[in-house]
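Report on the structure
The chain contents come next:
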Amino acid sequence: MTVMIDGKALADEIVQDVAQEVSSFKLKHKVVPGLAVVLVGEDPASSVYVRNKILRTEQAGLQSFAHYLPENTTQKQLDDLIDQLNEDDSVHGILVQLPLPKHLSESRVIDAISPAKDVDGFHPENVGKLVTGQQVLVPCTPLGCMIMLKRHVDELSGKHAVVIGRSNIVGKPIANLLLQSHCTVTIVHSRTHNIESICRSADILIAAVGQPHLVKEDWVKPGAVVIDVGINQITSDGKRKLVGDVDYHAVFSKVSAITPVPGGVGPMTIACLIQNTLTAAKHQFGA
Ligand code: NAD
């Protein structure tokens, strides 16, 4: 029987656990951990993500500081805000929602965030720590994928994991985390030859591409565990809906477990952001 991996239920569990820990943190340190979220411009998808992140932050009993900046914000204004948040003792985590408008440099912003407050785990110092196995703050989506995998795969060691996509925010960090769990890892991408046959050899298949229904039934090995990171908006029967990179219905009965879209990786990403904020606060208090 195939298991539908319920990211929403697991995310609720994580947020509840964090809320309990936040209560003891407050008692111990007389401080409420705080997350600053910065949104530049009015991209509709980004606005929804930011709203959900702030909602979850508050559900977990954390303090949230929302900074909505206009589309025409200059690099200097954004740099100044990051400096101010780095210095602010009530802010333990900083998240700048990406993508930024084209005239702003994402890498400059990522580099400017204090590594101790980098709850997205994108700062080069944190990337280096992840690659060398000393991580504290791990990118939220890859962390969420690993939590789901550990719940549904008894033994990751020795399994062949194939990651489709090599982005800095999803594909590469997931590959590193899988390596740390002793998987044999293959990364495939847009230039890979024979991608279907490589995917067919995967015990664990992670799709992080951004192409609706790229992964077909004949791309998966019977009994594989499939994690679908993709979020794609399509129009079907005149209605707009979200689908993943995997053809969920075609693949479902062939695999042992699979994440749905929506309701899989998405909610876990936000829950891991909340968890990372608590982790960052604990580290800033010497834990
Ligand atoms: P990206 O565009 O930065 O990277 C996509 C990767 O896919 C690239 O490495 C590219 O080489 C590869 N690729 C493109 N076409 C391919 C093909 N035909 N075959 C194989 N590989 C191909 O995207 P990203 O930021 O890594 O995001 C990937 C997807 O995950 C997107 O749909 C994004 O919306 C989604 N996403 C979801 C969450 C979440 O919380 N669920 C978080 C981040 C990203």
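Reading the values: the criteria
- Residues numbered from 1 in each chain as written.
- Predicted model: local features only at pLDDT ≥ 70, side-chain atom pairs only at ≥ 80, totals over all residues.
- Heavy atoms only, no water.
- pLDDT = per-residue confidence, 0-100.
- Helix = DSSP H or I, 4+ residues; strand = E, 2+ residues; numbered from the N terminus.
- Near = heavy atom within 4 Å.
- Polar contact = N/O pair within 3.5 Å; in protein donor to acceptor, adjacent residues only side chain to side chain.
- Areas by Shrake-Rupley, 256 points an atom, 1.4 Å probe, with all protein chains shown as cover.
- Nonpolar A, V, L, I, M, F, W, Y, C, P; charged D, E, K, R; others polar.
- Pairing = 2+ DSSP bridges.
- Phe/Tyr/Trp six-rings, centres within 6.5 Å; stacked < 30°, edge-to-face > 60°.
- Buried < 20%, exposed > 50% of the residue type's maximum accessible area, 1.4 Å probe, protein only.

1. Focus: the confidence of the model for the chain
Residues at a pLDDT of 70 or more form 100% of the chain, whose mean pLDDT is 97. Per-residue pLDDT, averaged within each element of the chain, yields its smallest value for strand β9 (residues 232–236) (94) and its largest for strand β5 (residues 160–164) (99). On the interface metric, ipTM, the complex scores 0.99, and its pTM is 0.97.

2. Points about the site of the ligand
Taken together, 22 residues surround the ligand, and among them Arg166, Ser167, Val229, Ile231 and Thr269 come closest. Between the ligand and isoleucine 231 there is a distance of 3.0 Å, counted from an oxygen atom to a backbone nitrogen or oxygen. Against a free-state accessible area of 860 Å², the protein chains account for coverage of 71% of the ligand. Top contributing element to the shell around the ligand by residue count: helix α10 (residues 265–284), with three residues. Its residues assigned to classes, the shell around the ligand comprises 10 nonpolar, 11 polar and one charged.

3. What about the pairing of strand β10 (residues 239–243)?
Summarising the sheet, β9 and β10 pair through five bridges and their orientation is antiparallel. By the bridge assignment for β10, asparagine 232 is matched with valine 243. Between β9 and the antiparallel strand that follows it, β10, lie two residues; aspartate 237 among them carries a positive phi value of about 50°.

4. Things to note about the packing of aromatic side chains
The final tally for this structure, using the stated rule, is two aromatic pairs. Consider the rings of tyrosine 248 and phenylalanine 252, whose centres lie 5.5 Å apart with planes at 45°: the pair is tilted. A relative accessible area of 26% places phenylalanine 252 in the partly exposed class.

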